[in-house]
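# Descriptive analysis of the structure
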Amino acid sequence: MTGELPYKEAMADYAIIRRIFENPRPQVDGESRLSDCLQLWELMIRCWVVEPEQRPTGSMCRTAVVLLPRCTPNPGEAEPLSPSPELLENLGTLESWKGNFDDSIAHLEKALSLYQERDDSNGIARVHSKQADVFYRHSRWVPSIDHATAALAKFRSLDDDLGAADALHTLGCAIYMQSTADEAIPALQEALEIFRIHSHDIGIVNCLERLGEICRWNLRLPEATTYLEDAIAIASQSGDKAGETRATKSLAYVFWQLEDNARATATFTATAEAARRLGLGSVLCDSLYCLATINYEEENYEESGSLYQ
């Protein structure tokens, strides 16, 4: 991107190795082509983070680099261009990953408007689906339902089964938070069936985990156990470690609700260890909190205090 060799000022291998371990990073300067590619530059910096669990996943990197524009050799001479809807859509995704709700929604709304001007049904469907996800993650259930419904209609008109299944999954999750299990479960079951037809393991696991959680919240514990055990088995077979860990945490809650504290403790412990390895902070915190509470209930106050801390 800079036209320079990495660590060009260091001539010997040992000097380069030392520089890497000292953890210096190049800086963007106003004369560099990097100044036109700040989003890609930021992605590269995140890939260099020392702690592996803090680095972006392969899918995040792929999404970032596929749609971002190429840097121009001479930005000072280049004609200014309006952002494309593809770029805005991708920036919305990046800001969502970083937890910047307002920026994410702003980019996605601009992308949606441009796709609508083009009458690009695929783009419209994708953006509605992403907006639904962003609103759901920030507990905005009504707009999440609205965008998921719009995405579902578009995907169905395009005969895009997997897009429709993604929209149904988000729709079911948001409906449950806004309404009742009876209204949410049909959407999730329809999404599950589509994912099964297409052998989409991650989608299958996500639907099974949500169905298991909804059943657990409504004290339908035998159903919850079946859904969650299926999710764990499929995630394990397909190598979906994050999905397996989330489903295992939910199963630990079921054991706790059944007052089987021994199995709950063993399962929460396994979940905490897996979450720590994978960098799943919220799953790790939930598991540690539950372990602390179980120990407190069993009057193991010293262990409980350590886990709460």
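Here, every reference points to the structure presented above.
Since the structure is predicted, the reported quantities are computational estimates derived from the model, not experimental observations.

## A few points about the pattern of salt bridges
Scanning the entire structure with this criterion turns up 10 salt bridges. Measuring nitrogen to oxygen at the nearest pair gives 2.9 Å for the salt bridge that ties E86 to R118. Taken as a pair, E86 in helix α4 (residues 85–97) and R118 in helix α5 (residues 101–118) lie far apart in primary sequence, 32 residues in all. Overall, the relative accessible area of 23% leaves E86 in the partly exposed class. With a closest N to O distance of 2.9 Å, R126 and E89 form a salt bridge. Taken together, the residues span a long stretch of sequence, with R126 in helix α6 (residues 121–137) and E89 in helix α4 at a distance of 37 residues. Residue classification places E89 among the buried positions, given a relative accessible area of 1%. Because the salt bridges share partners, they merge into one network encompassing E209, R210, E213 and R216.

## Considerations on the packing of aromatic side chains
Where two aromatic rings form a pair, the distance of their centres and the angle of their planes describe that pair. Summed over the entire model, instances satisfying the criterion amount to 8 aromatic pairs. Ring plane angle 70° and centroid distance 5.7 Å describe the contact between F101 and F135, whose orientation is recorded as edge-to-face. Here F135 lies in helix α6 and F101 lies in helix α5, a separation of 34 residues in the sequence. F135 shares its class with F101; the two are buried. Ring centres of Y176 and W217 lie 5.2 Å apart, and the angle between their planes is 15°; this geometry places the pair in the stacked category. Linking Y176 in helix α8 (residues 161–178) with W217 in helix α10 (residues 201–217), this pair joins segments that are 41 residues apart in sequence. Residue Y176 is classed as buried on the basis of its relative accessible area, which comes to 16%. Here the aromatic cluster, defined as three or more aromatic residues joined through ring pairs, consists of Y253, W256 and F268. Across from the ring centre of Y253, 4.4 Å away, lies the NZ or CZ of R216, which sits over that ring.

## Side note on unusual backbone geometry
Even without a glycine there, the phi angle at D159 is positive, about 55°. In this structure, D159 sits in the loop between α7 (141–157) and α8. Even without glycine at this site, E259 takes up a positive phi of about 65°. Position of E259 relative to the elements: it lies in the loop between α12 (241–257) and α13 (261–278). Judged by its relative accessible area of 70%, E259 falls in the exposed class.

Rules and cut-offs
- Residues numbered from 1 in each chain as written.
- Predicted model: local features only at pLDDT ≥ 70, side-chain atom pairs only at ≥ 80, totals over all residues.
- Heavy atoms only, no water.
- Salt bridge = Lys/Arg side-chain N within 4 Å of Asp/Glu carboxyl O.
- Helix = DSSP H or I, 4+ residues; strand = E, 2+ residues; numbered from the N terminus.
- Buried < 20%, exposed > 50% of the residue type's maximum accessible area, 1.4 Å probe, protein only.
- Phe/Tyr/Trp six-rings, centres within 6.5 Å; stacked < 30°, edge-to-face > 60°.
- Lys NZ or Arg CZ within 6 Å of the ring centre and 35° of its normal.

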